[in-house]
Each structure stands twice: as structure tokens, then as C-alpha cells.
Amino acid sequence: MVGPLYNNLDSQMKDKEEELHNIEEDIDDDEEGEEEQNWDDWTADGEEGEEDDQNLLCLFCESRFSSSDSLFDHCVSTHCFDFKSIKTTLKLDFYGCFKLINYVRSQVAKNQCWSCGSTCESRKELQDHLHEPSGFGGSNLPWDNDMYLKPYMEEDNLLYSFDEDEEVDDDDMVRSIDGLEKMSIDDETDLESYVLDFNLLKSCKENEVKGATSISEINGESSGEKKSKNFSLKAADRGIMIVNKDYFGSYSSFGIHKEMISDKVRTDAYRQAIVDNPSLVKGAVVLDVGCGTGILSLFAAQGGASMVNAVEASGKMATVASQIAKDNGLLWNEASSGSTKQENGVVKVINSMVEDLIESGQIKPKSVDVLVSEWMGYCLLYESMLSSVLVARDHWLKPGGAILPDTATMFVAGFGKGATSIPFWENVYGFNMSSIGNELVKDAAHIPIVDVVDGNNLVTNTALLQAFDLVTMKPDEVDFTASVQLEQKSSNSTEVDLTTTKCYGVVLWFETSFTSRFCKEAPTVLSTSPYTTPTHWSQTLLTLNEPISLTSKMTTKSCAMVGSEANPAVKIDTRISIARGVEHRSIDISLEVTAVGLDGQKQKWPVQLFNMR
């Protein structure tokens, strides 16, 4: 039944738009007031502005220029980098160019060649090494990742002037908004996000048109630049609001909660940690961050907690959790808290995000004995919920209080052909369709795959990638870079050890532990390893651009490329970086591999970038 929604759509849309419009007008009024206050100072600094004319820093050296044209001419003649030619040849749009500049700056900062990926010992060696680009084409561009939409260098004026001679064409934006205005709304729950998207696009269009003439004249903190930055911040805030709405809304689906609760490995580990450790939980004040259905809060009540604050950002699930606690006689009732009647209602459900709850003051700072949360996502860190848990820890947990789980560890190993889709397509009712499997593996080199991997399909040893101590870690330590060495998996079978295997990529998984530091009676481990019972997290696969041949036996010296069948590697040096992505609640993963031969020869492949969102 969607008819009534259409009848009321215009009035509801107008109400929503009017509310957002009033907020935007207030913000714009504040911005105009700031501009009026600072205008005299800006005009009075004319002489200082003349000194800062050369404010565009070269991508490769310390030279500065007053225009992007002169900067790019310098890059062509001195550094073999023809920005305009690359832009034309690869048909890069504004965002493609924006990413390219940030990518080049990030590579130069590491003394790495932006074109071939070679690492140099110094900046001077890098400048001597720079050469004409080769091998770029199609869609496989190393900078084609949203992580490079974030400026690598603070106050990089080149990002605002590389297209200063081009006119802003807003036809595409107009078409996008026209299409959005005509789209159908089939569900009341989509109305709010529709209005937010509509206003966001409308604001983008208006600011693109208004800012078209001002961007080209920005060299200092002009009013145009301030407006652009303020708009970017407002757009980012709206983007985060939309992502949060979608994220918490997705957990309103009962199917997701059934999948998680049915995961016996997950739920049993938490139940054992909470219920079977009475010295930890009995009489304690417990905080459950992201309670969902409230299952962990119910375990805490069952374990004898004196109070359980169950925090849930989804309004629907907060209501559900309250009803479940009430149905089981465990819901805290403020009106009867002073009653002489024996009550077991200790679960108090709070509908809020952690960050908002701090401001409300509903829970006193440093008043929690035990903080529990099932915060783990795919590849451990997807969804970025760990950051909220650390915020809750720092604000509410008593000194010496417990956090469950208290450690988390990530592991990595190389996987073989059996973990890909190739074997399926090699024999389809007697027909060879391996070309499809090879194409799928090629496509997977850009996208992380979440799937269950059989331990028998791992072809290397397991290496510890990163360990987190949730008691002491800082929020910025969620982002990390780690290096490991992978060698062919040892076996009791000599025959297996002497064969050459192909490593098609690496697989990541994690363990979280409820250690004896807090769980003195019954410590336990929750593992998502390929060698244990599968969980709903599965494992995360990062597929290489091309497989690397690997052996553990003595091989004759060869002139062939290290890692090829003719000259297999004896180990793979692997460097993995995981960081919170530009898009809220996503993570970016970079993978660098170097095949090492028996004689120490090395073959390095270009960095691969993956985004989980």
C-alpha cells in the first residue's frame, strides 16, 4: 500500500525541506557574519598576500610556483611528469585528477616512484629515477581509490587550482537532480534519506555554480575558499549522518540478528565469558555497547550484574531489546526501583549513539565496572565500531575496570587455487569454462571477498599481522601497517614440501580473547580461523593481480622472473595497511607483495588497494 504516501509526499517533503532549509540559513548567516568581520583584515594584508604568490608546491621537489601551469611545465621538464598529457590520455575527470595528485604526493613522501612503485633510498635518488609512465590503461589505476579523495598534504593549494583554466560544467549535476526529483518512493522509511540526498545534491549544485568563478582566484584564505571549506564540512556531516542512518537501520533487520545469535562460536564465547566468571560480573555495573537484541545484556543480568546499561543506536532495536528484557522479567523499572519487593529488573535500555550519550550525561563518568561489546566486523575492523567502544571505555570505565573482549589479534596466510572459483569453472558438466574463473579472479584483485576458506586451501604458514590490547590501545592505533613473511606451508609429507604451489592471494582472519586478566574462572577465545568452525564473519580474501609460484625446495638458478613457474619464490614479503576509509564506517586496505628467490633476488609488484564498504 503506497498510495497514501504519494498523497502526502509533497507536504512531508516541504516540511522536511523547510526544516533543513532553516538550519542551512542559520549556518549561512553565521558564515556571512564571519566574512564581514574578517573582510577588513583580508584587505589590509595585501602586501603579505603578494609575498605568498608562489604558494603551489611541486609534486616532487621543494620548488614553488604561482600558477598550476608553471608548476606542471616544471614537472614535465624536470621530473618526466606530464599532468596534462596523463589527464587527456586516461580521460581523467576532476575527481580522477584530484586523486592522482594525492596519490603522487603519498608515493613521493615514501620515496617511491609513482609510476613503477620502486622504492628509493632518498628523495634525490627518487628524482634521478623518475621516468615516463608506462603500463597505465583501462580501469586499473593505482590512484583510483576513494582514499585519495582525502588531501594528503594540508593546505595543498594545487588541489584547488589544477583546473583553474577550465569552466565548470554543471549539466551532469542538473541531470542528477532532475532525475532525483522524479524518482519514485516506495517505502516510508526511505523518505528521510530521500530528502537528505535531495538537499545534499541541491547544495552541491548551487555551490558548484556559485563557486565556479571564485575557485580560480584562490591563493590565500579568501571568502570563496572559506565558503568552499565550510560547504565541504557541511556536506561531510550530512554524508556521515546518511551513512550512520543506513548502518544502524541495517541492524533493524531481524535476519541479521538471527544470523549473529545462531553463530554458536560467537554467542557461546560471550556467554561463557559473562556467565561463567562470577567474580567479574556478580554485583557489577555493566555497559553493553551496541546491544542489538540485548542478548549480552541478558547474559550479564543472568550472571548477577547489579545494573546493565544496554546502549543501542537503532530506535527499532532499542524498542525490541526493551520488550525482550521486559518479557524475561529483567527490564529495569525506575518507578519501582525503590520498592521493597524483590525485583530482578537490572537491564536499562538506552537509545543513543555512544558519542551522543556522553553529552546527555545519563551515565556517570567512570561508573562502569565491566564494558562488553560485540564490535567486530568483517576483517575485524570493518564498520569502525571499535572507535566507539574505545570512546566508551575512556569515558565510563572505572580505573582497573574490565573490557570484554580484552584483546584482538589479526592473522594472515596465503591461499591457493582451491580458495578461488577457478576449480568450479574448470569442469562444468564436462566442459572447460576456466576462462570465466580466470576473469573472476582478475576482477577480485580490486575487491575484498568475504567467504569461508577451507584450511586445506592455504598454501603458506600463518603469520600474526597485528595485535590489539583493548585495555591500553589508543583510538588512532586502529589504523596500522604491518609486514610479515609468508613461506610455503610445511607438511609431514615430503612429497608436498617438494612441490611448487601457487599463491593466489592472502586471507585475513581474527581472534578475540577473554583472557584470565579479567575472566579468571573461565577464559575463552573466539576464533574465525579457517582451521576452526566457520562463523558468520567468514574470512577476508585479498586476491593478487597474478599468482606467485612458491616452493620450499632447492632450485637451480634461473634468469626468469622471481615468482614465476620457472623461478619460484621461497618466501613472499608482505606489507598490509588497514585504515579507516574516507567514506564513514568503511576501511581501506593496501597490499604490497615482494617475491624473494633462493639467491635473494626480488620481484616487487605494484601496491594493490582494496576498499570495504
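Residues numbered from 1 in each chain as written. Predicted model: local features only at pLDDT ≥ 70, side-chain atom pairs only at ≥ 80, totals over all residues. Heavy atoms only, no water.

Asks: Help me understand the overall build of the protein, please; the structure alone is not making it clear to me.
Replies: Each helix and strand in the protein was counted, giving 19 helices and 18 strands. Buried positions account for 46% of the 613 residues belonging to the protein. Of the contacts made within the protein by residues no fewer than 6 positions apart, 69% connect residues no fewer than 24 positions apart. Carbon and sulfur atoms make up 50% of the accessible area of the protein, which totals about 31200 Å². (Helix = DSSP H or I, 4+ residues; strand = E, 2+ residues; numbered from the N terminus. Buried < 20%, exposed > 50% of the residue type's maximum accessible area, 1.4 Å probe, protein only. Contact = heavy atoms within 4.5 Å. Areas by Shrake-Rupley, 256 points an atom, 1.4 Å probe, with all protein chains shown as cover.)

Asks: It is not clear to me how the environment of Ser 352 should be interpreted in this structure. Could you clarify?
Replies: Following the sequence through the fold, Ser 352 ends up in the loop between strand E5 (347-351) and helix H15 (354-360). For the pair Ser 352 and Gly 290, spaced 62 residues apart in sequence, the C-alpha to C-alpha distance is 9.4 Å. Sequence-distant contacts of Ser 352, defined by excluding residues within four places in its chain, comprise Val 311, Glu 312, Ala 313 and Leu 357. Here Leu 357 takes part through its backbone nitrogen, which lies 3.3 Å from a polar atom of the side chain of Ser 352. (Polar contact = N/O pair within 3.5 Å; in protein donor to acceptor, adjacent residues only side chain to side chain.)

Asks: How should I be thinking about unusual backbone geometry in this particular structure?
Replies: Excluding glycine, residues mostly have negative phi values, and the peptide bonds linking residues are mostly trans. Here the bond from Leu 404 into Pro 405 is cis, since omega is -5 degrees, no more than 30 degrees from zero. With respect to the helices and strands, the residue Pro 405 is situated in the loop between strand E7 (397-404) and strand E8 (407-415). The backbone phi angle of Ser 538 is positive, close to 55 degrees, even though this residue is not glycine. With respect to the helices, strands and loops of the structure, Ser 538 is situated in the loop between strand E13 (524-527) and strand E14 (539-550). Residue Ser 538 is classed as buried on the basis of its relative accessible area, which comes to 14%.

Asks: How should I be thinking about the packing of aromatic side chains in this particular structure?
Replies: Two aromatic rings, taken as a pair, are described by how far apart their centres are and by the angle between their planes. Applying the stated criterion across every chain, the model contains 15 aromatic pairs. When the centroid spacing of 5.4 Å and the interplanar angle of 85 degrees are considered together, the rings of Tyr 103 and Tyr 148 count as edge-to-face. Placement of Tyr 103 in helix H5 (residues 94-109) and of Tyr 148 in the loop between helix H6 (123-129) and helix H7 (171-182) is noted, with a sequence separation of 45 residues between them. A residue is classified by how much of its surface remains accessible, and Tyr 103, at 7% relative accessible area, is buried. For Tyr 148, a relative accessible area of 9% corresponds to the buried category. Ring-pair connections join several aromatic residues into one group, and the members of that group are Phe 60, Phe 81, Tyr 103, Trp 114, Trp 143 and Tyr 148. (Phe/Tyr/Trp six-rings, centres within 6.5 Å; stacked < 30°, edge-to-face > 60°.)

Asks: Could you clarify how one ought to interpret the sheet that holds E5 in this entry?
Replies: By way of backbone hydrogen bonds, the strands of a sheet pair with one another, either parallel or antiparallel. Judged by pairing direction, the sheet is parallel, and its five strands sit side by side in the order E5-E4-E3-E6-E7 without closing on themselves. Looking at strand neighbours, the two that pair on one side only are E5 and E7, the edges of this open sheet. Sheet twist, expressed as the average angle between the axes of neighbouring strands with direction ignored, equals 25 degrees. Relative to strand E4 (residues 307-312), strand E3 (residues 285-289) runs parallel, the two being bridged by five bridges. Bridging from a neighbouring strand, Val 289 pairs with Val 311 of E4. Packing against the sheet, helix H14 (residues 315-327) makes contact with E4 and E5, and its axis sits at approximately 170 degrees to E5. (Pairing = 2+ DSSP bridges. Axes fitted to C-alpha atoms, helices over the stretch in contact; angles between N-to-C directions.)

Asks: Where do I start with the nonpolar core in this structure?
Replies: The nonpolar side chains of soluble globular proteins are, as a tendency, buried together. Judged by nonpolar contacts, the single largest core of 93 residues is most densely connected at Trp 375, Leu 381, Met 410 and Ile 578. When residues no more than four places from it in sequence are discounted, the contact partners of Leu 381 are Trp 375, Leu 386, Met 410, Phe 468, Val 478, Phe 480, Ile 578 and Ile 587. Grouped together as the second largest cluster of nonpolar side chains are 32 residues, Cys 61, Phe 72, Val 108 and Tyr 148 included. (Core = buried A, V, L, I, M, F, W, Y, C linked by side-chain atoms within 4.5 Å.)

Asks: Sorry, what's going on with H5 here?
Replies: Along an α-helix, residues three or four apart share an orientation, since each turn contains 3.6 residues. The terminal C-alpha atoms of H5 lie 23 Å apart, and with 16 residues this matches the ideal 22 Å at 1.5 Å per residue to within 8%. Here H5 lies mainly inside the structure; 13 of its 16 residues are buried. At the C-terminal side of H5, Asn 111 shows a positive phi close to 60 degrees. (Expected span 1.5 Å × (residues − 1).)

Asks: Help me understand helix H11 (residues 264-275), please; the structure alone is not making it clear to me.
Replies: Counted at 1.5 Å a residue, the expected span for H11 with its 12 residues is 16 Å, and the 15 Å between its end C-alpha atoms agrees. Among all positions in H11, only Arg 266, Thr 267, Ala 269, Tyr 270, Ala 273, Ile 274 and Val 275 are buried.

Asks: Can you walk me through the pattern of salt bridges in this structure?
Replies: A side chain of one charge can pair with a side chain of the opposite charge when the charged atoms of the two come close. On inspection of all chains with the given rule, the structure shows 14 salt bridges. When the shortest N-O distance is used, the salt bridge between Asp 69 and Lys 84 registers 2.8 Å. Of this pair, Asp 69 sits in helix H3 (residues 68-79) while Lys 84 sits in helix H4 (residues 83-89), placing them 15 residues apart in sequence. For Asp 479, the salt bridge identified is with Arg 580, shortest N-O distance 3.0 Å. Separated by 101 residues along the polypeptide, Asp 479 in the loop between strand E10 (463-469) and strand E11 (480-487) and Arg 580 in strand E15 (residues 571-580) bring together distant segments of the chain. Accessibility expressed as a relative area gives 29% for Asp 479, which makes it partly exposed. Residues joined by salt bridges that share partners form a network here, namely Asp 406, Asp 469 and Arg 517. (Salt bridge = Lys/Arg side-chain N within 4 Å of Asp/Glu carboxyl O.)

Asks: When you look at the environment of Glu 125 in this model, what are you seeing that I'm missing?
Replies: Tracing the backbone through its elements, the reader meets Glu 125 in helix H6. Classification of Glu 125 as partly exposed rests on a relative accessible area of 36%. Taking the C-alpha atoms as reference points, Glu 125 and Asn 111, 14 residues apart in sequence, are found 8.4 Å from one another. A distance of 3.2 Å separates a polar atom in the side chain of Glu 125 from the backbone nitrogen of Glu 121.

Asks: Is there a simple way to explain the packing of H11 against helix H13 (residues 295-302) in this structure?
Replies: Two quantities define a packed helix pair, namely the angle between the helix axes and the distance between the axes. Axis separation between H11 and H13 bottoms out at 9 Å; the angle between their running directions is 30 degrees. Classed by the angle they form, the pair H11 and H13 counts as roughly parallel. Crossing hand, H11 versus H13: right-handed. Residues Thr 267, Tyr 270, Arg 271, Ile 274 and Val 275 of H11 pack against Leu 296, Phe 299, Ala 300 and Gln 302 of H13. Across the contact of H11 with H13, the residue classes tally to six nonpolar, two polar and one charged. (Parallel < 35°, antiparallel > 145°, perpendicular 65-115°, else oblique. Left-handed = near helix turned anticlockwise from the far one by under 90°. Nonpolar A, V, L, I, M, F, W, Y, C, P; charged D, E, K, R; others polar.)

Asks: How should the pairing of strand E6 (residues 368-372) be read in this particular structure?
Replies: Within a regular strand, the side chains alternate between the two sheet faces. Judged by how many residues are buried, E6 sits mostly within the fold: four of five residues are covered. Two elements, E3 and E6, share three bridges in a ladder whose sense is parallel. Bridge pairing in E6 places Val 286 opposite Val 370.

Asks: I'm lost on the confidence of the model for the protein in this one. Help?
Replies: Detail in the predicted coordinates should be disregarded across regions flagged by low pLDDT. On average, residues of the protein score 79 in pLDDT, and 71% of them are at 70 or above. Contacts for the low-pLDDT stretch residues 31-51, under 50 throughout, to residues beyond four places or in other chains number seven contacts. Counted against residues more than four places away or in other chains, residues 247-252, with its pLDDT under 50, gives 17 contacts. (pLDDT = per-residue confidence, 0-100.)

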